[in-house]
Amino acid sequence: MLNPFHLSFVVPDKEEAKRFYLDILGCSIGRDNPTWFDILFYGHQITIHQASDKMPAYQIDHFGPILSKEEWLSVLEICKSNDVEFVANSLIKNEGAEDESGKFLIKDPSGNKLEFKYYMNFECTVG
């Protein structure tokens, strides 16, 4: 069993980020206050902070969850139907094989890249 991770980052517009992660990606909110909020991001905790003079926003190169194929396809369709900006279109490798996998990259409103992946057999990727 994998353990959840925690990721924290700063964005230029907290409310815009909140709308994206909650309304488009369907994440649920945890703690919420005027300068930051937590979301449950596919089983992991993300804390998103509002940029300030003391905490400027920086774009993250990329991060993202590894999902089941069904969930991956669902998120892919949600992103397409909401005109989310794709950095890399969806790609499925070795379809039907034991090592089948898929991925796509999108940008959140702050320019952070999110990579969504699936593996038909996750054990083929580790070890």
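Our subject is the structure listed above.
Every residue gets a number counted from 1 within its own chain, in the order that chain's sequence is written. Residues qualify for local features only when their pLDDT is at least 70, as the model is predicted, and side-chain atom pairs are given and counted only at 80 or more; totals for whole chains, interfaces and linings, by contrast, use all residues. Only hydrogens and water are set aside when side-chain values are computed; all heavy atoms of the structure are taken into account.

**Student:** I tried to follow the environment of Phe37 on my own but got confused; where do I start?
**Tutor:** Looking at the secondary structure, you find Phe37 in strand E3 (residues 36–41). Phe37 sits 14 residues away from Ala51 along the chain, and the two C-alpha atoms are 12 Å apart. Look past the residues within four positions of Phe37 in its chain and what remains in contact with it is Lys14, Ala17, Lys18, Ile29, Arg31, Asp32, Ile46, Thr47 and Ile48. For helices the rule is a DSSP run of H or I covering at least 4 residues; for strands it is a run of E covering at least 2, with both sets numbered from the N terminus onward. Residue contacts are defined here by distance: any two heavy atoms, one from each residue, within 4.5 Å place the two residues in contact.

**Student:** How should helix H1 (residues 14–24) be read in this particular structure?
**Tutor:** Structural remark: α-helix, 3.6 residues per turn; residues separated by three or four positions point the same way. Throughout, exposure labels follow a simple rule: accessible area from a 1.4 Å probe, protein chains only, divided by the maximum for the residue type, with under 20% read as buried, over 50% as exposed, and the rest as partly exposed. Buried within H1 are the following residues: Lys14, Ala17, Lys18, Phe20 and Tyr21. Down the axis of H1, the buried side of the element spans an arc of 165°, and every buried residue falls inside it. Trailing H1 by a residue or two, Gly26 shows a phi angle of about 80°, which is positive. Comment: arc refers to directions from the helix axis out to C-beta atoms.

**Student:** Mind showing me how you'd approach the environment of Trp36 here?
**Tutor:** Structurally, the position occupied by Trp36 is in strand E3. Look past the residues within four positions of Trp36 in its chain and what remains in contact with it is Lys14, Arg31, Thr47, Ile48 and His49.

**Student:** I tried to follow the nonpolar core on my own but got confused; where do I start?
**Tutor:** The nonpolar side chains of a soluble globular protein tend to be buried, and buried together. Core analysis: the biggest nonpolar cluster contains 24 residues, and Tyr21, Leu25, Phe41, Ile48, Ile106 and Phe116 have the highest contact counts within it. Of all elements in the fold, only strand E1 (6–11), H1, E3, strand E4 (44–50), helix H2 (69–81), strand E7 (101–107) and strand E8 (113–119) reach the threshold of two or more residues within this core. Examining the composition of this core, we find that 4 residues originate from one element, H2, more than from any other. By nonpolar core is meant a set of buried Ala, Val, Leu, Ile, Met, Phe, Trp, Tyr and Cys residues that side-chain atoms within 4.5 Å join together.

**Student:** What am I meant to see in the sheet that holds E1 here?
**Tutor:** Sheet strands line up and pair through hydrogen bonds in the backbone, either parallel or antiparallel. Within the open sheet, the 4 strands sit side by side as E1-E4-E3-E2. Their pairing is mixed. If you trace the sheet from one side to the other, it starts and ends with E1 and strand E2 (28–32), each paired once. On average, each strand axis in the sheet is tilted by 25° relative to the strand beside it, whichever way the strands run. When DSSP finds at least two bridges between two strands, those strands are taken to pair. Of the strand pairs in this sheet, E1 and E4 are connected by 6 bridges, and their pairing is parallel. The partner of Phe9 across the bridge, within E4, is Ile48. In this description, a line fitted to the C-alpha atoms serves as the axis of each element, helices being fitted only across the stretch in contact, and the angle between N-to-C directions of two axes falls anywhere from 0 to 180 degrees. Strand contacts of H1: E1, E2, E3 and E4, with the helix running at about 15° to E3, the strand carrying the most contacts.

**Student:** I would appreciate a short explanation of the pattern of salt bridges in the present structure.
**Tutor:** Two side chains bearing opposite charge may form a pair once their charged atoms approach each other closely. A pair is scored as a salt bridge if a Lys or Arg side-chain nitrogen falls within 4 Å of a carboxyl oxygen belonging to Asp or Glu. Taken as a whole, this structure holds 8 salt bridges when the rule is applied. Residues Lys18 and Glu15 are paired through a salt bridge, measuring 3.8 Å at the closest nitrogen-oxygen approach. With Lys18 and Glu15 both in helix H1, this residue pair falls 3 residues apart, about one helical turn. Of the residues examined, Glu15 reaches a relative accessible area of 36% and is grouped as partly exposed. Across the pair Glu100 and Lys69 runs a salt bridge, and its minimum N-O distance is 2.8 Å.

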